[in-house]
Amino acid sequence: MERTFKRVFTRYDLYLMLLIPMAWYILFQYGPMYGLQIAFRDFNPARGIAGSEWVGFENFDRFFSSYYFGRLLWNTVSISVYSLLFAFPIPIFLALLINEMKGERYKKLLQNVTYMPHFISVVVIVGMLQLFLNPQAGFVNIALKEIGIEPVAFLEKAEWFKTVFIGSNIWQNMGWQSIIYIAALAGVNPQLYEAAKIDGAGRWQRIRHVSLPGIFPIIVILLILDIGHFMNVGFEKILLMQNSLNKDASDVIQTFVYQNGILQGDFSYSAAIGLFNSVINFALLVLINRYARKKAETSLW
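Residues numbered from 1 in each chain as written. Predicted model: local features only at pLDDT ≥ 70, side-chain atom pairs only at ≥ 80, totals over all residues. Heavy atoms only, no water.

**Some thoughts on the overall build of the protein chain**
Line of reasoning, step 1. Along its length, the protein chain carries 17 helices and two strands.
Line of reasoning, step 2. Over its C-alpha trace the protein chain gives a radius of gyration of 24 Å, far above what one expects of a compact globule, namely 19 Å for 301 residues.
Line of reasoning, step 3. Looking at the protein chain as a whole, 35% of its 301 residues are labelled buried.
Line of reasoning, step 4. Considering only contacts within the protein chain whose residues lie at least 6 apart along the sequence, 63% involve residues at least 24 apart.
Line of reasoning, step 5. For the protein chain, the exposed surface amounts to about 19000 Å²; the carbon and sulfur share of it is 65%.
Line of reasoning, step 6. Looking at charge distribution, the protein chain has the averaged site of its 25 positive side-chain charges lying 9 Å from that of its 20 negative ones. (Helix = DSSP H or I, 4+ residues; strand = E, 2+ residues; numbered from the N terminus. Rg over C-alpha atoms; globule rule 2.2 N^0.38 Å. Buried < 20%, exposed > 50% of the residue type's maximum accessible area, 1.4 Å probe, protein only. Contact = heavy atoms within 4.5 Å. Areas by Shrake-Rupley, 256 points an atom, 1.4 Å probe, with all protein chains shown as cover. Lys, Arg positive; Asp, Glu negative; His and termini not counted. Charge placed at Lys NZ, Arg CZ, Asp CG, Glu CD.)

Below, the structure is given as structure tokens:
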């Protein structure tokens, strides 16, 4: 104990720097958790949290027994699963492609072109989608007409919503997400590539046996983090893309919480749904972290 206090006192300036992030977490992350109890109450703003009637799991039962529960859960889970299957690997492939390119000029050009869309706001992205996919004047449907395919109202058909949503997410974020993989590849020992060449390994073999193992711990960590917010599927963009014609595929738990909690003022019910969503995320995070620690010997904790 004495050694600990001595170490803290010696580097007190570094520990003082921790006060600001600690205060932020306490005030804005842990402090609001007191309000979670409204999920178990019939919250009345006039009575306050403590004065509202305790109803236990009534709000949860109401959600689980509702006719829209299955649709909300399926839409949320399916978008997350498709994102993991298609959106998660693409930044890895892009990073490997950039790493294998010979000319520095072309590397920088490709990297700049792919990560610039990340800085476009969600509102602008959705506006671009509406323009490009317009059934009459959008260039996508104009191109389809040229090859003899009838125009498709992509944003007005539920069966196209997830494809458009995930595809535009890939275009917007793949370059930005690839940066951390590019940095990890830059840290791979060049002598490993030279040794592989001497042993007769081709380009694909060097990628398989040198590049991928070199960034594998980073892949695992980012996969854990992605699964940690598995049920959070991009509320703002979905809300902006949502309309009455595609709602069967675009209505997810987060948009439902917004509509009931903010627009209709049903705070207890929406808090219960949000808590259910967060509990699933937490459980998945713990499970995937434990599995990664056992199988890959890499984990967050």
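**A look at the environment of asparagine 59**
Line of reasoning, step 1. Examined against the element boundaries, asparagine 59 turns out to sit in helix α5 (residues 58-64).
Line of reasoning, step 2. The buried category is assigned to asparagine 59, whose relative accessible area is 8%.
Line of reasoning, step 3. Placed 101 residues apart in sequence, asparagine 59 and tryptophan 160 show a C-alpha to C-alpha distance of 33 Å.
Line of reasoning, step 4. For asparagine 59, the residues in contact, after removing those within four places along its chain, are Ile38, Ala39, Arg41, Ser268, Tyr269 and Ala272.

**Remarks on the layout of surface pockets**
To find the voids left in a structure, one rolls a probe of water-molecule size over its atoms.
Line of reasoning, step 1. Considered as a void within the structure, the largest pocket measures approximately 710 Å³ in volume.
Line of reasoning, step 2. Lining of the largest pocket is provided by 28 residues; of these, Ser83, Asn169, Asn173, Gln177 and His229 occupy positions nearest its centre.
Line of reasoning, step 3. With 10 residues, the single largest contributor to the lining of the largest pocket is helix α11 (residues 158-186).
Line of reasoning, step 4. Classifying every residue of the lining of the largest pocket gives 15 nonpolar, 10 polar and three charged.
Line of reasoning, step 5. Volume-wise, the second largest pocket comes out at about 580 Å³.
Line of reasoning, step 6. Met33, Leu36, Gly274, Leu275 and Ser278 are, among the 22 residues lining the second largest pocket, the residues nearest its centre.
Line of reasoning, step 7. When residues of the lining of the second largest pocket are traced back to their parent elements, those giving at least two are α3 (19-30), α16 (253-263) and α17 (267-295). (1 Å grid on protein atoms, 1.4 Å probe; cavity = no way out; pocket = protein on both sides within 12 Å on 5 of 7 lines; lining within 4 Å. Points joined across faces, edges and corners; volume = space filled by probe spheres on them. Nonpolar A, V, L, I, M, F, W, Y, C, P; charged D, E, K, R; others polar.)

**Let's talk about the packing of aromatic side chains**
What characterises a pair of aromatic rings is the spacing of the ring centres plus the angle enclosed by the ring planes.
Line of reasoning, step 1. For the structure shown, the criterion picks out 24 aromatic pairs.
Line of reasoning, step 2. With 5.0 Å between their ring centres and 90° between their planes, phenylalanine 63 and phenylalanine 69 make a pair best called edge-to-face.
Line of reasoning, step 3. Judged by relative accessible area, which is 2%, phenylalanine 63 ranks as buried.
Line of reasoning, step 4. Three or more aromatic residues link up through ring pairs in this structure, and these residues are Phe63, Phe64, Tyr67, Tyr68, Phe69, Phe256, Tyr269 and Phe276.
Line of reasoning, step 5. Across from the ring centre of tyrosine 269, 3.7 Å away, lies the NZ or CZ of arginine 62, which sits over that ring. (Phe/Tyr/Trp six-rings, centres within 6.5 Å; stacked < 30°, edge-to-face > 60°. Lys NZ or Arg CZ within 6 Å of the ring centre and 35° of its normal.)

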